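One letter stands for each residue in the lines below.
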Amino acid sequence: MIPRIIPVLLIEHSRLVKSQKFRKNIYVGAPINAIKVFSQKYVDEIIICDKSKRETNAIDFDLLADMSLECFSPLTYAGGIRSESQVAKLFKIGVEKVCINSAIRRQPWLAESLISKYGAQSIVASVDLIKIFGRYRIYRHEKKFIKYNILPDDVLNHIRNIEEQGFGEIFINFVNRDGMYAGYDVKMIKAIAEIIKIPITVCGGCRNYDDLFNLAKETNVSGIAAGSVFSFRSESRGVLINYPDIREIEDNLGEFF
């Protein structure tokens, strides 16, 4: 099966931006315009991550509703989810999957309740990994300060524990590689894929379409996500919303599946 190739749209205060290592944000344009372009290209899925909502308790439902109306692809939303009522409203406006991160540790009961109510296929666990002095840690935001969770030391065990909570999918971001055109962390992705049975989507480091195709050939992940490569012409970061056409994907991957 050919993995889903997924654009990630990062929203900050209703603007489309692109981050570097989860920090520096570059303005890209209007989120609606990006959605329209991707819809014309019939992308496999779109992940919308609202970074600004880490600072408040609000979710911009009006913007998301407008984006959903323009979108012909499945939508996954991440950012600021703290309650069942928020999730119910997201599904009502057309979001197909929700992705939770900080709530996994802050509100462990929430994931269990959501999975029970909506089914595991609709609830995604997000894990942000950062490599410090050769060791992987869990990256998180707490009270506007960046912290690195040093427990558990074994990140693979941490990811396995998340799987055991009943999520239908795990979305893994590699912070060091975010927006840096450094290539995917293939070695770590393989290590994670070997211990996890549920679908995995990975993001961080994509340099070009070849990186997407090569990762699909080298691993058995179910989703390959990227931001910069779908937002810019090249590393010079001239804005150009783009996506490989179906024939290009089939020409590169069809014979392998």
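In the block above lies the structure referred to throughout.
Rules of the game
Residues numbered from 1 in each chain as written. Predicted model: local features only at pLDDT ≥ 70, side-chain atom pairs only at ≥ 80, totals over all residues. Heavy atoms only, no water. Salt bridge = Lys/Arg side-chain N within 4 Å of Asp/Glu carboxyl O. Helix = DSSP H or I, 4+ residues; strand = E, 2+ residues; numbered from the N terminus. Buried < 20%, exposed > 50% of the residue type's maximum accessible area, 1.4 Å probe, protein only. Contact = heavy atoms within 4.5 Å. Polar contact = N/O pair within 3.5 Å; in protein donor to acceptor, adjacent residues only side chain to side chain. Pairing = 2+ DSSP bridges. Right-handed = clockwise from strand over helix to strand, strands pointing away.

Undergrad: Go over the pattern of salt bridges with me, naming the residues and quoting the values.
TA: Evaluated as defined, the whole model comprises six salt bridges. Linking Arg4 and Glu169 is a salt bridge whose minimum nitrogen-to-oxygen distance equals 3.2 Å. A residue pair is termed long-range when its members are at least 10 positions apart, and Arg4 in strand β1 (residues 4–12) and Glu169 in strand β10 (residues 169–174) qualify at 165 residues. Overall, Arg4 belongs to the buried group, its relative accessible area being 18%. In this structure, Asp211 engages Arg207 in a salt bridge whose closest nitrogen and oxygen atoms are separated by 2.8 Å. Judged by relative accessible area, Asp211 falls into the buried class, the value being 9%. With relative accessibility at 42%, the residue Arg207 sits in the partly exposed group. Through salt bridges with shared partners, one network takes in Arg4, Glu45, Lys97 and Glu169.

Undergrad: Now, about helix α8 (residues 209–218): what can you tell me, with residues and values included?
TA: Turning to α8, its buried residues number three or more, namely Tyr209, Asp211, Leu212, Phe213, Leu215 and Ala216. Looking at the buried residues of α8, the elements they touch are β1, α7 (186–195), β11 (200–203), β12 (223–226), α9 (228–231) and α10 (246–253). Its side-chain oxygen 3.1 Å from the backbone nitrogen of Asp210, Asn208 forms the N-cap of α8.

Undergrad: Kindly report on the pairing of strand β4 (residues 46–50), identifying the contributing residues and their values.
TA: In terms of residue burial, β4 counts as a mostly covered element, since five of its five residues are buried. Here β4 shows two buried faces, one formed by Ile46, Ile48 and Asp50 and the other by Ile47 and Cys49. Here four bridges tie β1 to β4, and the two strands are oriented parallel to one another. From the neighbouring strand, Leu10 faces β4, where its bridge partner is Cys49. Where β4 lies against strand β5 (residues 75–78), four bridges are found, and the strand directions are parallel. In the sheet register, Cys49 faces β5, and the bridge partner there is Ala78.

Undergrad: Describe in detail the pairing of β12, supporting the description with residues and values.
TA: In β12, alternate side chains face the same way, and those of Gly223 and Ala225 on one face and Ile224 and Ala226 on the other are all buried. Summarising the sheet, β1 and β12 pair through four bridges and their orientation is parallel. Note that in β12 the partner of Arg4 across the bridge is Gly223. Running through α8, the crossover from β11 to the neighbouring parallel element β12 is right-handed.

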